[in-house]
Amino acid sequence: MGIIQEACVFVHHCIACEEYQVAHELTDILIGLDIMVGGEYQEYTNTPINIRDLQYYHLGNVEYKSLVTDAAHAAYCISDLPERADDLYNTLSNSGRKDITLEMVMQSGRELPDMDAFLPLWIEYLGGMTTSYAQELLQEALELTGDGEQLLASARKYCGDHPGLYEQYL
């Protein structure tokens, strides 16, 4: 498991050095990786596990939450503005983690470029999604704008798919 842990540390260094393309390619591999494990675990089951399960089964010490946050940061930085919301959401949702927020991504490395231009696109994108995770991210995005009028207007606009937002902000 040492190589996997080293790869995760390398991803974090890539983010710190602004090598986002390398980080993105490596996180895509790591997040999608199926791992065959030997020993006692193999006696229990002969099916591969995902990298996010290594720590759960006490088979390795991989900071999966940090890896996903780095993956999202890299996806944000390498994507062109029109595709950024889709790329970021797909990275987050494909990771299997539903506790990663945009604010975590913003704090995981250098300042994210074009945030003022991205936030309205992110809100629009999430407003069209119907998952509970999208609603949580939408709520966070609306709060990040700091604009009470936009918050209420968006809650009204997306009340069909996100009635909880409308109730909360009325």
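First, a word on scope: everything that follows refers to the structure included in this document. (Residues numbered from 1 in each chain as written. Predicted model: local features only at pLDDT ≥ 70, side-chain atom pairs only at ≥ 80, totals over all residues. Heavy atoms only, no water.)

Assignment of secondary structure puts His73 in helix α4 (residues 64-78). Not counting the four nearest positions on each side in its chain, His73 is found in contact with Ile15, Tyr20, Val105, Ser108, Gly109, Arg110 and Leu112. (Helix = DSSP H or I, 4+ residues; strand = E, 2+ residues; numbered from the N terminus. Contact = heavy atoms within 4.5 Å.)

Moving on to the environment of Thr145. Mapped onto the elements, Thr145 comes out in helix α8 (residues 132-145). Put simply, Thr145 and Leu112 are 33 residues apart on the chain and 15 Å apart in space, counted from C-alpha to C-alpha. Once residues lying within four places of it in the same chain are set aside, the contact partners of Thr145 are Leu119, Ile123 and Gln150.

With that settled, the discussion passes to the packing of aromatic side chains. Going through the model one piece at a time under the given rule, you end up with 5 aromatic pairs. Aromatic pair Tyr76 and Phe118: ring centres 4.9 Å apart, planes at 85°, arrangement edge-to-face. Residue Tyr76 is located in helix α4, and its partner Phe118 is located in helix α7 (residues 115-127); the two are separated by 42 residues in the primary sequence. Accessibility classification places Tyr76 together with Phe118 in one group, the buried group. Pairwise contacts between aromatic rings join Tyr76, Tyr89, Phe118, Trp122, Tyr125 and Tyr133 into one cluster. Lying over the aromatic face of Tyr76, Arg84 brings its terminal NZ or CZ to 4.3 Å of the ring centre. (Phe/Tyr/Trp six-rings, centres within 6.5 Å; stacked < 30°, edge-to-face > 60°. Buried < 20%, exposed > 50% of the residue type's maximum accessible area, 1.4 Å probe, protein only. Lys NZ or Arg CZ within 6 Å of the ring centre and 35° of its normal.)

Close approach of charged atoms lets side chains of opposite charge pair. Going through the model one piece at a time under the given rule, you end up with 4 salt bridges. With its nearest N and O atoms 2.3 Å apart, the salt bridge here joins Arg110 to Glu18. Remark: Glu18 occurs in the loop between α1 (2-16) and α2 (20-31) and Arg110 occurs in the loop between α6 (102-107) and α7; sequence separation between them is 92 residues. Overall, the relative accessible area of 44% leaves Arg110 in the partly exposed class. Looking at Glu18, the relative accessible area reads 41%, which means it is partly exposed. Among the ionic pairs, Arg97 bridges to Asp99, the shortest N-O distance being 2.5 Å. Three or more residues joined by partner-sharing salt bridges are found here, namely Lys65, Arg97 and Asp99. (Salt bridge = Lys/Arg side-chain N within 4 Å of Asp/Glu carboxyl O.)

For α4, spanning 15 residues, the distance from its first C-alpha to its last is 21 Å, which sits close to the expected 21 Å at 1.5 Å a residue. Counting buried positions over the 15 residues of α4 gives 12, a clear majority of the element. (Expected span 1.5 Å × (residues − 1).)

What follows covers unusual backbone geometry. Phi at Glu18 is positive, roughly 60°, even though this residue is not glycine. One non-glycine residue, Asp114, lies in the positive phi region at around 60°. Among the secondary structure elements, Asp114 is positioned in the loop between α6 and α7.

Our focus in this paragraph is the packing of α1 against α2. Two numbers describe a pair of packed helices, the interaxial angle and the distance between the axes. Viewed as axis vectors pointing N to C, α1 and α2 meet at an angle of 150°, and their least axial separation amounts to 8 Å. Our classification of the angle between α1 and α2 gives roughly antiparallel. Note that α1 runs across α2; the crossing there is left-handed. Here Ile4, Ala7, Cys8, Phe10, Val11, Cys14 and Ile15 of α1 come into contact with α2, specifically with Tyr20, Val22, Ala23, Leu26, Thr27 and Leu30. Within the contact of α1 with α2, the residues separate by chemical class into 12 nonpolar, 1 polar and no charged. (Axes fitted to C-alpha atoms, helices over the stretch in contact; angles between N-to-C directions. Parallel < 35°, antiparallel > 145°, perpendicular 65-115°, else oblique. Left-handed = near helix turned anticlockwise from the far one by under 90°. Nonpolar A, V, L, I, M, F, W, Y, C, P; charged D, E, K, R; others polar.)

These figures come from the coordinates and say nothing about function on their own.
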